[in-house]
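The lines below spell out each chain.
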Amino acid sequence: MRKLIILLTTAIGAISLSSCGTTGYLASGYNDVDAIKDVVLFEPVSKIETIGKGEITVTNDTACVASQDLLLQTVKECESGLNILSVYVPSGEEEAEIVREGVESLYSQLLHSQGSFRTASFVVPESLDEIIERTGNRYGMAVYSYGFSRTGGNYAAQIAKGVGLAILTLGSVYTVPYKDKSNIHIFIIDSEQDCVAWHNHDIAADYNPLKQKHLEKQFKRIFRKFNK
């Protein structure tokens, strides 16, 4: 059994490493990311869930707020290769919700791009486009994060299930549970062309969405193109 547990742990690590982002996707009509440098940053939008007993999943509002604050701090401090001119702060709760819905719309469009972020055809929410123009800038950057964490009891139960299945199948079949997962998506909007000029993501199994050192690694992978 001990060997099976070690095998499961090793597999988790391998999946974590294979889930990195790419150098991103530059929209048609843009020759190089060098043209995209100065951006106004929207406050990040985050959805963090907790998976507990019985695989019941709930949105953790406290974790969502903490994640958004941590994402904002990390993206401002990371060596992205971009010049963040300012962070746009909504004028009130109503505008904050409009911005949130706009960023969520970009993520939703990505999810419906038939599994390939390279084939996504974005319609930029008018609200985001207008805000970028109002700040006097051409480019705006939106950050969306989705993540989850399992409770200790849930994670232990998932490990037990995986080991049990491996024993029953003599090691030929096993499941690999993640205790945490952190997905980060970046969208750079060109308000002049009314399009998403560049987008990239990093999907990291067993990365805690509330650990800054994990987020730093993800942002480094996401922005590697801008740092070349």
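Here the structure is a predicted model, which means the values were calculated and not measured. (Residues numbered from 1 in each chain as written. Predicted model: local features only at pLDDT ≥ 70, side-chain atom pairs only at ≥ 80, totals over all residues. Heavy atoms only, no water.)

1. Topic: the layout of surface pockets
Take a probe with the size of a water molecule and roll it over the atoms, and the empty space left behind shows itself. The volume enclosed by the largest pocket comes to roughly 220 Å³. Lining the largest pocket are E43, P44, V45, Q68, D69, L72, Y88, P90, A96, E97, V99 and R100. Those elements giving two or more residues to the lining of the largest pocket turn out to be α2 (61–77) and α3 (93–111). Sort the elements by how many residues they give to the lining of the largest pocket and α3 lands first, with four residues. (1 Å grid on protein atoms, 1.4 Å probe; cavity = no way out; pocket = protein on both sides within 12 Å on 5 of 7 lines; lining within 4 Å. Points joined across faces, edges and corners; volume = space filled by probe spheres on them. Helix = DSSP H or I, 4+ residues; strand = E, 2+ residues; numbered from the N terminus.)

2. With respect to the nonpolar core
Core analysis: the biggest nonpolar cluster contains 26 residues, and M141, I186, W198, F219 and F223 have the highest contact counts within it. Among the secondary structure elements, those contributing two or more residues to this core are β2 (38–42), α2, β6 (139–150), β7 (180–190), β8 (195–205) and α6 (212–222). Top element by residues in this core is α2. It accounts for four residues. Among the nonpolar cores identified, the runner-up in size contains 22 residues, and Y88, V99, I132 and F148 belong to it. (Core = buried A, V, L, I, M, F, W, Y, C linked by side-chain atoms within 4.5 Å. Buried < 20%, exposed > 50% of the residue type's maximum accessible area, 1.4 Å probe, protein only.)

3. Let's talk about helix α4 (residues 126–134)
Taken together, the buried positions of α4 are occupied by L128, D129, I131 and I132. Burial along α4 is one-sided: seen end-on, the buried residues are contained in an arc of 165°. More than 90 degrees from the buried face of α4, the exposed residues found are E126 and R134. In this structure, the buried residues of α4 make contact with β2, β5 (83–88), α3, β6 and β7. (Arc of directions from axis to C-beta. Contact = heavy atoms within 4.5 Å.)

4. Things to note about the pairing of β6
Burial runs high along β6: twelve of the twelve residues are buried. Side-chain alternation along β6 places Y139, M141, V143, S145, G147 and S149 on one buried face and G140, A142, Y144, Y146, F148 and R150 on a second face that is also buried. When β2 meets β6, the two strands line up parallel, connected through two bridges. Paired with V40 across the bridge in β6 is G140. (Pairing = 2+ DSSP bridges.)

5. Here we look at the packing of aromatic side chains
We describe a pair of aromatic rings using the distance from one ring centre to the other and the angle between the two ring planes. Summed over all chains, the structure comprises five aromatic pairs. Measuring from ring centre to ring centre gives 5.7 Å for F122 and F187, while their planes differ by 80°; the resulting arrangement is edge-to-face. Here F187 lies in strand β7 and F122 lies in the loop between α3 and α4, a separation of 65 residues in the sequence. Residue classification places F187 among the buried positions, given a relative accessible area of 0%. With a centroid separation of 6.1 Å and an interplanar angle of 10°, the aromatic rings of F219 and F223 are classed as stacked. Overall, F219 belongs to the buried group, its relative accessible area being 0%. Aromatic ring contacts, followed pair by pair, group W198, F219 and F223 into a single cluster. (Phe/Tyr/Trp six-rings, centres within 6.5 Å; stacked < 30°, edge-to-face > 60°.)

Keep in mind these numbers describe shape, not what the thing actually does.
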